[in-house]
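# Breakdown of the fold
Here is how the chains run, residue by residue.
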Amino acid sequence: MRTYLLVALISSLLAVAQRGLFLPCPYYAAIGLIPAAKVPHPTPLEGVYRTNHLLDKAEKYWKGALRAETVAVSPNGAVFLPVEGGSILASSLEDPSQLSLLARTGGRAIGLVMHPDGYLVVCDAARGLLAVDLPSGIVRLLTNQVTEGNLTQAEAYIGFADDAVVGSDGRIYFSDASLLAPPRLSDGSFDVVEASKAELLAGRPSGRVLVYDPRDRSTRVVASGIYFANGVALSKDESFLVVAETFGCRLLRVFLEGLPGFPDGVSATPDGQSFWVAIVTTPTKAALRLVQARGTLSRALRWLCSRLPPQFQPQMQPYGLVVQVGADGTPLRSLHDPSGQTCRSITSATQIGNKLFLGNLGTSWVCAVDLGGLPA
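Scope of this entry: the structure provided in the associated data block. (Residues numbered from 1 in each chain as written. Predicted model: local features only at pLDDT ≥ 70, side-chain atom pairs only at ≥ 80, totals over all residues. Heavy atoms only, no water.)

### Overview of the side chain of Ser267
Inspection of the secondary structure assignment puts Ser267 in strand β17 (residues 262–268). Using a relative accessible area of 16% as the deciding quantity, one classes Ser267 as buried. Separated by 2.3 Å, the side chain of Ser267 and the backbone oxygen of Ala349 make a polar contact. When residues no more than four places from it in sequence are discounted, the contact partners of Ser267 are Ala233, Ser274, Phe275, Trp276, Ala349 and Thr350. (Helix = DSSP H or I, 4+ residues; strand = E, 2+ residues; numbered from the N terminus. Buried < 20%, exposed > 50% of the residue type's maximum accessible area, 1.4 Å probe, protein only. Polar contact = N/O pair within 3.5 Å; in protein donor to acceptor, adjacent residues only side chain to side chain. Contact = heavy atoms within 4.5 Å.)

Structure (structure tokens):
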């Protein structure tokens, strides 16, 4: 009887939708009633993932850096932070209380990495792949579209540049998280959380990994069909990339599956023997239903959820979680803040010396963890 009622309800909703009695949000117009991608189940918080409180007492660095998703360090020790509103701030490890403006991108800078040629590579979710000259702060466009391959104009456009890593030959590997670009808000800023939510509701893996070659300014696709391509890291011998597939709850290329939540940023440890993975949120039951439902039920749930007010849509859990995995994909340890009061919505984990700096989307500071004082 319950199954019959559920089918009847879904059929009624679809009929109402076809008659145009629901007014869809314009941003979600691209979300069609298509089959959802099949993804693995997240791993329970057991074993190496068991809950602890190792992040609860993390230090708070660079207070005032709102939603700084990552941390980049130049060879001379300067620190760079991409913050809400499209600005890139500069500071230092020695005096984190001092913050100054390096550049404004005009979009929403998310991923930062230093290039061997001395400039700062910027993944801007609204503008594409950028470069910032450190002495002057001048911003220039590297690429905003794929130049090689038989792609349509819409497919060639870089919708959501997210994270980057640079090879020894100077080529820049970076993630294009989704073909659904972040919407622009009334204050002129860009909502990257809304864009990631749209990819989840769309149920289609449109993310990919691209490579830009500064020598000939070409951009080509390295991998595609990724369910929100997020953090990227390069192995020590540069024989493979590690890519965080956020809504797949897994890492690609090292065949690690079943992370305990939605991965965001990924970075190599200084010795290149393992990787830090930021878990932006642990999945709610509602989010898992959207990701894992199949067939007519999946299409109906995603269509209905995309029409609900934001407060009734799946929300990020206020939980802090970082996982360290070996080069072969084996989980080594995890660091938690279950309450989320100190560290939450973690988007990147960057190890500098013996400290692990955690970018995030939930606070106005960057968390810093002294790894020397933690169990290995």
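This is not the end of the story, as more comes after the structure.
### Observations concerning the sheet that holds strand β1 (residues 59–61)
Sheet strands associate in pairs through backbone hydrogen bonding, adopting either a parallel or an antiparallel arrangement. If you walk across this open sheet you meet the four strands as β1-β23-β22-β21, and the pairing is antiparallel. Where the open sheet ends on each side, the last strands, each with one partner, are β1 and β21 (346–352). Mean inter-strand twist for the sheet, computed between neighbouring axes without regard to direction, equals 30°. (Pairing = 2+ DSSP bridges. Axes fitted to C-alpha atoms, helices over the stretch in contact; angles between N-to-C directions.)

### Some points on the sheet that holds strand β16 (residues 250–252)
Across the sheet, three strands lie side by side as β14-β15-β16; this open sheet has antiparallel pairing. Since the sheet does not close on itself, it has two edges, and those belong to β14 (229–234) and β16, each with one partner. On average, adjacent strands in this sheet sit at an angle of 25° to one another, irrespective of strand direction. Where β14 and strand β15 (residues 241–245) come together, four bridges link them in antiparallel fashion. If you follow Ala229 over to β15, its bridge partner there is Glu245.

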